[in-house]
Amino acid sequence: MRKCCFLWNRGNNGCIICGKILAVLLGVCMVLTGCQGAGEEEKKNSIRIGISLYRGDDIFINNIRNELEEKAKEYEREKGIKVTLDIQDAKGSQNTQNNQVDRFISLGCDVLCVNPVDRMDASVIIDKAMNAEVPVVFFNRQPVEEDMNRWDQLYYVGLDAKETAVNQGKMVVDLYREKPSAVDLNDDGVVSYVLLEGESSHQDSLIRTEWSIRTLKDGGVPIEKITGGIANWERSQASALMEQWLGAYPDKIELVVSNNDDMALGAVDALERAGITGVNVVGIDGTTPGIEAVESDRLLGTVSANKETYANAILELAASRAMGEELPREYPLVDGTYYWAPQEILIRDLGE
Ligand code: GAL
């Protein structure tokens, strides 16, 4: 019986065959090991994400920012990859934001997360990103479709504005159906409301207003608009408007429909200053102060974005791009581009 000794018994035919097999195996091994080695070298152990916020003092955006920071830490812990978040506040200036994008690119950011100041003018940012081949995850302020279609490395995370608005309307419809006098406070068969709107150019203001009101009407609430105004998402602007309306239409306002929580809270501030109780105020966002106000019965309710999932989707999407990995399956993209974060209705305790 021949004992096959691959390397040193070369005169032996059997061993030559074995040697060939071994050579092939070794070759395969080398290729495999070689490939793995290269892969390991290429796999990053740190990523840098440039984040620009349209306004850092916006309460909802601030909540998302805090979640993003949390999620980045979680990602680091779970994956063992260092995540550097470079978060900048554009303070409402598109020019400042464009400069921030330049800086992010020159610092070598692997991916950008942009909450555009002017959602109609995202093309400058897109040009810069495309030139530098740095993917962008836009969020909250949706660029126009034409811009989003320019490159397959552009993504958007946000809330479906129509779904949010229908949920907001539904809160009031349900209460009215259950107990009409809880909404029609003076029992005159008409629910007189005022409307607080966000920025006029924001997709959320337009769609939320349209669908909230349509849901109320379709749901059988006999609404009548007293007046409305733009308070640009801001509590203080909404408070000033509401104060004016309370003066102009004393004892008339029964319902305040607000495009977001912060303006809803502004209306509550004005009602409280005037010592008026019972008026129903509904918001959207589920910001920390918004949720507190629902819990303390100062708001009838809010449609709350799941902020954790919202921020996680932004971060996971961005990290997958930065790492050159597959897109995260937990956050399915509509048309390969859009992720719509989940939302839920939070309503105050209505008692028995
Ligand atoms: C809306 C949100 C507002 C404000 C705005 C900023 O979706 O409801 O509170 O944050 O985005 O773009």
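To start, this report covers the structure provided alongside it. This structure is a prediction, so every number in the text was calculated from the model and none was measured.

**Quick notes on the sheet that holds strand β5 (residues 154-158)**
Taken in spatial order, the six strands of this open sheet run β2-β1-β3-β4-β5-β11, and their pairing is parallel. Strand pairing shows two members of the sheet lacking a second neighbour, β2 (82-89) and β11 (338-340), which therefore form its edges. Averaged over all neighbouring strand pairs, the angle between strand axes comes to 20 degrees, with direction disregarded. Two strands pair when backbone bridges link them, and strand β4 (residues 136-139) and β5 are joined in this way by four bridges, in the parallel orientation. Among the inter-strand pairings, Phe138 is bridged to a residue of β5, identified as Tyr156. Sitting on the sheet, helix α2 (residues 59-79) is in contact with β1 (46-53), β2 and β4, with an inclination near 165 degrees to β2. In this fold helix α11 (residues 307-323) packs onto β1, β2, β3 (111-114), β4, β5 and β11, with an angle of close to 165 degrees to the strand it touches most, β5.

**Quick notes on the site of the ligand**
If you check the shell around the ligand, you find Tyr54, Asp58, Phe60, Asn140, Arg141, His202, Asp204, Arg208, Trp233, Asn260 and Asp285 and nothing else. The contact in question runs from an oxygen atom of the ligand to an N or O atom on the side chain of Arg141, over 2.9 Å. Separating an oxygen atom of the ligand from a side-chain N or O atom of Arg208 is a distance of 2.7 Å. When the ligand is considered free in solution it has 310 Å² of accessible area, and contact with the protein chains removes 98% of it. When grouped by side-chain class, the residues that make up the shell around the ligand number three nonpolar, three polar and five charged.

**A short note on the pattern of salt bridges**
Using the criterion set out here, one finds 18 salt bridges in the structure. Among the ionic pairs, Arg55 bridges to Glu234, the shortest N-O distance being 3.2 Å. Taken together, the residues Arg55 in the loop between β1 and α2 and Glu234 in the loop between β7 (223-230) and α8 (235-248) connect sequence positions 179 residues apart. Note that Arg208 and Asp204 form a salt bridge whose closest N and O atoms lie 3.3 Å from each other. Of this pair, Arg208 and Asp204 both sit in helix α7 (residues 203-218), separated by four residues, roughly a single helical turn. Assigned by exposure class, Arg208 and Asp204 land together as buried. Counted as one network, the salt bridges with shared partners bring together Arg55, Asp57 and Glu234.

**Focus on the packing of helix α6 (residues 161-178) against α7**
Where α6 meets α7, the closest approach of the two axes is 7 Å, and the angle between their N-to-C directions is 35 degrees. In this structure, the crossing between α6 and α7 has a hand that is right-handed. Contacts between α6 and α7 involve Ala161, Lys162, Thr164, Ala165, Val166, Gln168, Gly169, Lys170, Val172 and Val173 from the first element and Asp204, Ile207, Arg208, Trp211, Ser212, Thr215 and Leu216 from the second. Of the residues in the contact of α6 with α7, the class split is eight nonpolar, five polar and four charged.

**Description of the packing of α2 against α11**
Closest axis-to-axis distance for the α2/α11 pair is 8 Å, and the angle between their directions is 50 degrees. Put simply, α2 runs oblique to α11. The hand of the α2/α11 crossing is right-handed. Residues Phe60, Asn63, Ile64, Glu67, Leu68, Lys71, Ala72, Tyr75 and Lys79 of α2 pack against Lys307, Glu308, Tyr310, Ala311, Asn312, Ile314, Leu315, Glu316, Ala319 and Met323 of α11. The residue makeup of the contact of α2 with α11, split by class, is 11 nonpolar, two polar and six charged.

About the thresholds
Residues numbered from 1 in each chain as written. Predicted model: local features only at pLDDT ≥ 70, side-chain atom pairs only at ≥ 80, totals over all residues. Heavy atoms only, no water. Pairing = 2+ DSSP bridges. Helix = DSSP H or I, 4+ residues; strand = E, 2+ residues; numbered from the N terminus. Axes fitted to C-alpha atoms, helices over the stretch in contact; angles between N-to-C directions. Contact = heavy atoms within 4.5 Å. Near = heavy atom within 4 Å. Polar contact = N/O pair within 3.5 Å; in protein donor to acceptor, adjacent residues only side chain to side chain. Areas by Shrake-Rupley, 256 points an atom, 1.4 Å probe, with all protein chains shown as cover. Nonpolar A, V, L, I, M, F, W, Y, C, P; charged D, E, K, R; others polar. Salt bridge = Lys/Arg side-chain N within 4 Å of Asp/Glu carboxyl O. Buried < 20%, exposed > 50% of the residue type's maximum accessible area, 1.4 Å probe, protein only. Left-handed = near helix turned anticlockwise from the far one by under 90°. Parallel < 35°, antiparallel > 145°, perpendicular 65-115°, else oblique.

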